[in-house]
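Given next are the chains, with one letter for each unit.
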Amino acid sequence: MKKIPHRVYLTEEQMPKQWYNLRADMKDLPDPLLNPGTGRPITEEELYPVFCEKLAHQELDNTTRYIDIPEEVQDFYKMYRPSPLIRAYNLEKYLDTPAKIYYKFEGNNTSGSHKLNSAVAQAYYAKEQGLKGLTTETGAGQWGTALAEACSFYHLPLIVYMVKCSYEQKPFRKSVIHTFDAEIVPSPSETTEIGRKILAENPGTSGSLGCAISEAVEKAVSTDGYKYVLGSVLNQVLLHQSIIGLESKTAMELLDEYPDVVVGCAGGGSNLGGLISPFMQDKLTGKADPRIVAVEPASCPSLTRGKYAYDFCDTGKVTPLARMYTLGCDFIPSANHAGGLRYHGMSPILSKLYHDGYMEAISVEQTKVFEAATMFAKQETILPAPESAHAIYGAVQEALKCKESGEAKTILFGLTGTGYFDMYAYQSYMDGTMKDYIPTDAELEKSFARLPKIPGIQE
């Protein structure tokens with residue numbers, strides 16, 4: 001029996017040189033983005049005021065299966081990629097499961113997460129276009145850190161709007177972002193018209209990704225030479241993150257392995273979409289039939305309790321309308337929730353795949369997530385980010401099912417990043433002050449009632 005190593009690293013030559021566009025193999029595409037002013041499908045040119053031109057093209061490209069990774073981006077990737085595929089031998093032993101558990105570890109870079117994969121690409125295209133600077137939002141701080149790192153490399157100024165509760169809970173994320181010369185603003189703020197409006201309507205609000213997106217977009221369109229970039233949800237982001245899944249599949253092929261189950265955490269969809277991309281391709285084309293499991297927080301359960309509907313991607317209602325699983329753009333998750341999975345909606349690509357039955361979803365309370373996180377840290381010696389710990393929980397549940405059934409399934413999950421900036425949350429869990437918040441049906445219905453009305457499409 002072949003001994004599988006604990007860690008598998010591809011060589012630089014084995015790294016993907018193209019991103020994979022999952023939409024090219026989808027039998028039924030996600031519904032188009034709509035212009036909020038006209039209610040009609042948005043054109044590439046209509047995205048130019050907000051996005052870099054090449055990113056706008058990638059956003060609407062439903063047919064090009066593989067897209068070349070620019071050489072400069074490949075060279076940047078080589079500073080921290082390929083990332084390892086790890087066999088969780090100690091976790092398997094602890095769980096006493098016949099399952100084989102693998103995880104793709106994306107936290108071995110200064111940003112501490114997978115977010116750098118798209119940040120580098122977006123900063124590169126902005127620099128290529130000759131922009132003066134960028135704006136963005138960040139939830140837990142991983143995306144803001146990654147983009148600050150990328151923008152510093154390309155000498156681009158950056159303004160980051162960070163969800164207020166995370167801004168207050170994670171002071172050292174701010175320090176890292178400042179190290180890379182980016183400006184950081186707690187959101188909602190008094191620096192934008194939308195921020196002032198949100199604060200007037202919800203004094204003392206803890207903020208949300210939807211709020212931060214609104215402010216970042218407003219700042220971009222009102223500042224000469226600036227554009228807005230987003231770290232999740234968008235088609236272009238899932239495209240860039242496909243490098244995670246492509247590397248994972250190549251590494252598993254070297255081991256003569258293939259996952260029966262692929263598990264990822266789900267907030268806006270960047271990690272999950274990237275991890276599952278080549279395995280979902282096999283599922284769509286009939287080459288294989290792995291189960292795909294999304295794990296989301298019970299405090300922000302867009303897939304498991306949301307509506308599949310057109311909604312704004314931001315709280316200020318200035319972005320295009322996307323058909324996705326959503327809790328309503330006015331929904332603001334509990335400030336007590338630890339982690340960046342605080343977005344009201346889900347990637348349109350993943351929403352469509354879930355709606356059509358190609359993947360499953362579960363939601364889990366955060367105390368259970370941190371129980372899984374601390375157990376994993378003790379077995380595998382990596383302290384996981386709270387976001388990643390959702391995937392750990394899901395993988396553990398799958399492994400325990402195998403223990404009951406005696407099946408030796410192969411499980412792959414994504415370990416998106418490290419939790420060293422999340423010690424406030426870990427301390428809260430360990431001292432027993434962490435609370436589980438689950439929105440009531442009445443709260444969600446109140447938010448659903450404010451979903452946009454679109455004549456002839458969504459009455």
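Residues numbered from 1 in each chain as written. Predicted model: local features only at pLDDT ≥ 70, side-chain atom pairs only at ≥ 80, totals over all residues. Heavy atoms only, no water.

- In the nomenclature of an unreviewed UniProt entry, the protein chain corresponds to tryptophan synthase from the organism Blautia parvula.
- In its Subunit (unreviewed entry) section, the UniProt entry covering the protein chain states "Tetramer of two alpha and two beta chains."
- Regarding the protein chain, the relevant UniProt record gives this comment under Catalytic activity (unreviewed entry): "(1S,2R)-1-C-(indol-3-yl)glycerol 3-phosphate + L-serine = D-glyceraldehyde 3-phosphate + L-tryptophan + H2O". (UniProt positions renumbered as here; feature names shortened; annotations may be inferred.)

### Here we look at the overall build of the protein chain
Then, number 1: What the protein chain contains, in helices and strands, is 18 helices and 15 strands.
Then, number 2: In terms of C-alpha radius of gyration, the protein chain reaches 20 Å, essentially the compact-globule figure of 23 Å for 459 residues.
Then, number 3: For the protein chain, the spread of C-alpha atoms along the principal axes amounts to about 65 × 50 × 50 Å.
Then, number 4: Within the protein chain, contacts between residues separated by at least 24 positions form 76% of all contacts whose residues are at least 6 apart in sequence. (Helix = DSSP H or I, 4+ residues; strand = E, 2+ residues; numbered from the N terminus. Rg over C-alpha atoms; globule rule 2.2 N^0.38 Å. Contact = heavy atoms within 4.5 Å.)

### A few points about the sheet that holds strand β10 (residues 261-265)
Then, number 1: Read from one edge of the open sheet, seven strands run β1-β4-β5-β15-β10-β11-β14, paired in mixed fashion. Each edge of the open sheet carries a strand with a single partner, namely β1 (7-8) and β14 (360-364).
Then, number 2: In this sheet, strand β15 (residues 410-415) lies alongside strand β5 (residues 100-105) in parallel orientation, the contact comprising six bridges. Counted as the bridge partner of I101 is I411 from β15. (Pairing = 2+ DSSP bridges.)

### Overview of the domain arrangement of the protein chain
Then, number 1: Under the domain assignment, the protein chain is made up of domain 1 (29-66 + 113-228) and domain 2 (82-110 + 235-444).
Then, number 2: Here domain 1 and domain 2 have C-alpha centroids that lie 22 Å from each other.
Then, number 3: Contacts between domain 1 and domain 2 engage 48 residues on the former and 48 residues on the latter.
Then, number 4: On the domain 1 side of the interface with domain 2, the three residues burying the most area are D31, H114 and Q169, jointly 14% of the side's total. (Domains from an automatic or database assignment. Buried area = accessible area lost by both parts, 1.4 Å probe.)

### Examining the sheet that holds strand β7 (residues 158-163)
Then, number 1: Taken together, the four strands give an open sheet; going across it, the order is β8-β7-β6-β9, and neighbouring strands pair in parallel fashion. The open sheet has two edge strands with one neighbour each: β8 (183-187) and β9 (226-228). Averaged over neighbouring strand pairs, the angle between their axes works out to 20° when direction is ignored.
Then, number 2: Here β7 pairs with β8 via five bridges, running parallel. Its bridge partner lying in β8, Y161 is registered against V185. (Axes fitted to C-alpha atoms, helices over the stretch in contact; angles between N-to-C directions.)

### Things to note about a negative patch on the surface
Then, number 1: Side chains of E12, E13, E71, E72 and D75 sit close together on the surface and give a patch of like negative charge.
Then, number 2: Checked against the element boundaries, E13 lands in the loop between β1 and β2 (18-20). (Patch = residues over 30% accessible without salt bridge, like charges linked within 9 Å, V, L, I, M, F, W, Y side chains within 5 Å. Areas by Shrake-Rupley, 256 points an atom, 1.4 Å probe, with all protein chains shown as cover. Salt bridge = Lys/Arg side-chain N within 4 Å of Asp/Glu carboxyl O. Lys, Arg positive; Asp, Glu negative; His and termini not counted. Charge placed at Lys NZ, Arg CZ, Asp CG, Glu CD.)

### Some details on the side chain of Q58
Then, number 1: Checked against the element boundaries, Q58 lands in helix α2 (residues 53-60).
Then, number 2: Apart from residues lying up to four places away in sequence, Q58 is in contact with W19, R23, I67, Y125, Q236, L239 and H240.

### Focus: helix α8 (residues 171-179)
Note: α-helices contain 3.6 residues per turn, so residues at a spacing of three or four share the same orientation.
Then, number 1: Listed in full, the buried residues belonging to α8 are R173, K174, V176 and I177. Around the axis of α8, the buried residues are gathered within 165° of arc, so they sit on the same side. Residues of α8 that are exposed and point more than 90 degrees away from the buried face comprise F172 and T179.
Then, number 2: Check the buried side of α8 and you find it contacts α6 (142-153), β7, α7 (164-169) and β8.
Then, number 3: Positive phi appears at D181, one or two residues downstream of α8, with a value of about 70°. (Buried < 20%, exposed > 50% of the residue type's maximum accessible area, 1.4 Å probe, protein only. Arc of directions from axis to C-beta.)

### Let's talk about the nonpolar core
Then, number 1: Ranked by size, the top nonpolar core spans 72 residues in total, and within it W19, Y77, V120, L353 and M359 carry the most contacts.
Then, number 2: The element best represented in this core is helix α5 (residues 116-129), accounting for eight residues.
Then, number 3: When sequence neighbours within four positions are dropped, the list of residues in contact with V120 reads V73, F76, Y77, Y80, A150 and Y154.
Then, number 4: Judged by nonpolar contacts, the second largest core, of 39 residues, contains I86, A88, F370 and F413. (Core = buried A, V, L, I, M, F, W, Y, C linked by side-chain atoms within 4.5 Å.)

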